[in-house]
Amino acid sequence: MPEMNAISRFFVNVSAARRSRRSLAWVRGAVRVPPAATCLEVGCGNGDFARRFIEAYRPARYVATDIDPLQIAAADASVRRRSAAGPPTSLELRTADVLGLPFGDATFDLVFAFLSIHHASPTHHDFSRVPQALGEIDRTLRPDGRLVYQEFLHREPIRRWLTDRGYALERVDRRWRIEAVVARKAARPPAAVDATP
Ligand SMILES: C[S@@+](CC[C@H](N)C(=O)[O-])C[C@H]1O[C@@H](n2cnc3c(N)ncnc32)[C@H](O)[C@@H]1O
């Protein structure tokens, strides 16, 4: 389900500050963030996590993407409102579909996806497009980089997709139905990868 309707968007954005505060606290304890990191976020919503992460870690580059131009506009307005010194220069806000990310191979040290991977398919309980989304994330993540995500749907098949491709699950934490995972990409490609979803 690509773009959310106005009601869903409202409820997601109204709770974003509380969720991203918690997500950042979890990231602090769970993720090794390299100095001058290059980061991508897919399905960034109103950009609240991006803003908090940049304040905390000062990455070299943080590209926050969402398929919905209204979310990117909301993120832009929110960042401008909350940053007295103007938007951070490391932040790029871009409209982009996780099913076809407009970035080169092995570009990012870290990819974040908070409650957005399941949106890749036409309906939430449908797994069919999730492998394509994961394939795009994998392509843009550098070897030894980390995918950091939270999901409440397709939890087990997403983990299996990753481990089948040589990812090491460094953290798998549960809070209610939401699973929070840090998955490290192999430093070298695994010998043989079964391409079936
Ligand atoms: C549940 S919201 C989560 C937003 C944000 N990550 C948060 O936690 O507040 C899912 C987001 O994914 C975006 N989205 C849906 N389909 C997408 C796609 N194919 N590519 C990129 N973003 C997508 C939606 O527009 C929405 O902003």
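In what follows, the structure referred to is the one given above.
Residues numbered from 1 in each chain as written. Predicted model: local features only at pLDDT ≥ 70, side-chain atom pairs only at ≥ 80, totals over all residues. Heavy atoms only, no water.

Engineer: I would appreciate a short explanation of the nonpolar core in the present structure.
Structural biologist: Side chains that are nonpolar tend, in soluble globular proteins, to be buried together. In terms of nonpolar packing, the biggest core is built from 25 residues, with L40, L147, Y149 and L162 touching the most fellow members. Those elements that provide at least two residues to this core are β1 (38-42), β4 (108-114), α5 (130-140), β5 (141-151), α6 (155-164) and β7 (178-184). For this core, the leading source of residues is α5, giving 4 residues. Apart from the residues lying within four places of it in its own chain, the contact partners of Y149 are A113, I117, I158, R159, L162, E179, A180 and V181. Judged by nonpolar contacts, the second largest core, of 24 residues, contains A50, A64, L91 and L110. (Core = buried A, V, L, I, M, F, W, Y, C linked by side-chain atoms within 4.5 Å. Buried < 20%, exposed > 50% of the residue type's maximum accessible area, 1.4 Å probe, protein only. Helix = DSSP H or I, 4+ residues; strand = E, 2+ residues; numbered from the N terminus. Contact = heavy atoms within 4.5 Å.)

Engineer: What am I meant to see in the packing of aromatic side chains here?
Structural biologist: Counted under the stated rule, the structure contains 9 aromatic pairs. The interplanar angle of 45 degrees and the centroid separation of 5.5 Å between the aromatic rings of F53 and Y62 together place this pair among those described as tilted. Residues F53 and Y62 agree in their burial class; the two are buried. In textbook terms, an aromatic cluster arises when at least three aromatic residues are bridged by ring pairs, as seen for F49, F53, Y57, Y62, F112 and F114. Here the guanidinium or amino end of R165 rests over the ring plane of W161, the centre of that ring lying 4.0 Å away. (Phe/Tyr/Trp six-rings, centres within 6.5 Å; stacked < 30°, edge-to-face > 60°. Lys NZ or Arg CZ within 6 Å of the ring centre and 35° of its normal.)

Engineer: What exactly am I supposed to notice about the pattern of salt bridges here?
Structural biologist: When charged atoms on two side chains of opposite charge get close, those side chains can pair. Tallying each qualifying case throughout the model produces 16 salt bridges. Across the pair R139 and E136 runs a salt bridge whose closest N-O atoms are separated by 2.9 Å. Taken together, the positions of R139 and E136, both in helix α5 and 3 residues apart, correspond to about one turn of that helix. The class for R139 is partly exposed, based on a relative accessible area of 25%. (Salt bridge = Lys/Arg side-chain N within 4 Å of Asp/Glu carboxyl O.)

Engineer: Whenever I open this one, the site of the ligand confuses me. Can you help?
Structural biologist: Residues in close proximity to the ligand total 20 residues, the closest being R19, G43, D66, D97 and F114. D66 is positioned such that a nitrogen or oxygen atom in its side chain is 2.6 Å from an oxygen atom of the ligand. I67 places a main-chain nitrogen or oxygen 3.3 Å from a nitrogen atom of the ligand. Protein coverage of the free-state accessible area of the ligand, which is 590 Å², stands at 94%. In terms of residue class, the shell around the ligand is made up of 11 nonpolar, 5 polar and 4 charged. (Near = heavy atom within 4 Å. Polar contact = N/O pair within 3.5 Å; in protein donor to acceptor, adjacent residues only side chain to side chain. Areas by Shrake-Rupley, 256 points an atom, 1.4 Å probe, with all protein chains shown as cover. Nonpolar A, V, L, I, M, F, W, Y, C, P; charged D, E, K, R; others polar.)

Engineer: Is there a simple way to explain a nonpolar patch on the surface in this structure?
Structural biologist: Together, I7, F10, F11 and V14 make up a nonpolar patch on the protein surface, roughly 460 Å² of accessible area in all. With respect to the secondary-structure elements, F10 resides in helix α1 (residues 6-14). (Patch = residues over 30% accessible without salt bridge, like charges linked within 9 Å, V, L, I, M, F, W, Y side chains within 5 Å.)

Engineer: Can you walk me through the sheet that holds β5 in this structure?
Structural biologist: Where strands meet in a sheet, backbone hydrogen bonds hold them as pairs that are either parallel or antiparallel. Spatially, β3-β2-β1-β4-β5-β7-β6 is the arrangement adopted by the 7 strands of the open sheet, whose pairing is mixed. Unpaired on one side and paired on the other, β3 (91-95) and β6 (168-175) mark the two borders of the sheet. Averaged over all pairs of adjacent strands, the angle between their axes in this sheet comes to 15 degrees, without regard to strand direction. Against the sheet, helix α4 (residues 69-82) makes contact with β2 (61-66) and β3, and its axis sits at roughly 160 degrees relative to β3, the strand it touches most. In the packing of α5 onto the sheet, contacts are made with β1, β4 and β5, and the angle to β5 comes to roughly 140 degrees. (Pairing = 2+ DSSP bridges. Axes fitted to C-alpha atoms, helices over the stretch in contact; angles between N-to-C directions.)

Engineer: Sorry, what's going on with a positive patch on the surface here?
Structural biologist: Where like charges cluster on the molecular surface, the positive patch consists of R18, R21, R22 and R175. For the positive patch, the element with the most residues is helix α2 (residues 16-30), which contributes 3 residues. (Lys, Arg positive; Asp, Glu negative; His and termini not counted. Charge placed at Lys NZ, Arg CZ, Asp CG, Glu CD.)

Engineer: Hey, could you run me through unusual backbone geometry in this one?
Structural biologist: In terms of backbone geometry, most residues other than glycine have negative phi values and most peptide bonds are trans. We note that R58 has phi near 45 degrees; this positive angle belongs to a residue other than glycine. As for its position among the elements, R58 is in the loop between α3 (48-57) and β2. The residue H154 is not glycine, and still its phi comes out positive at about 55 degrees. Relative to the helices and strands, H154 is located in the loop between β5 and α6.

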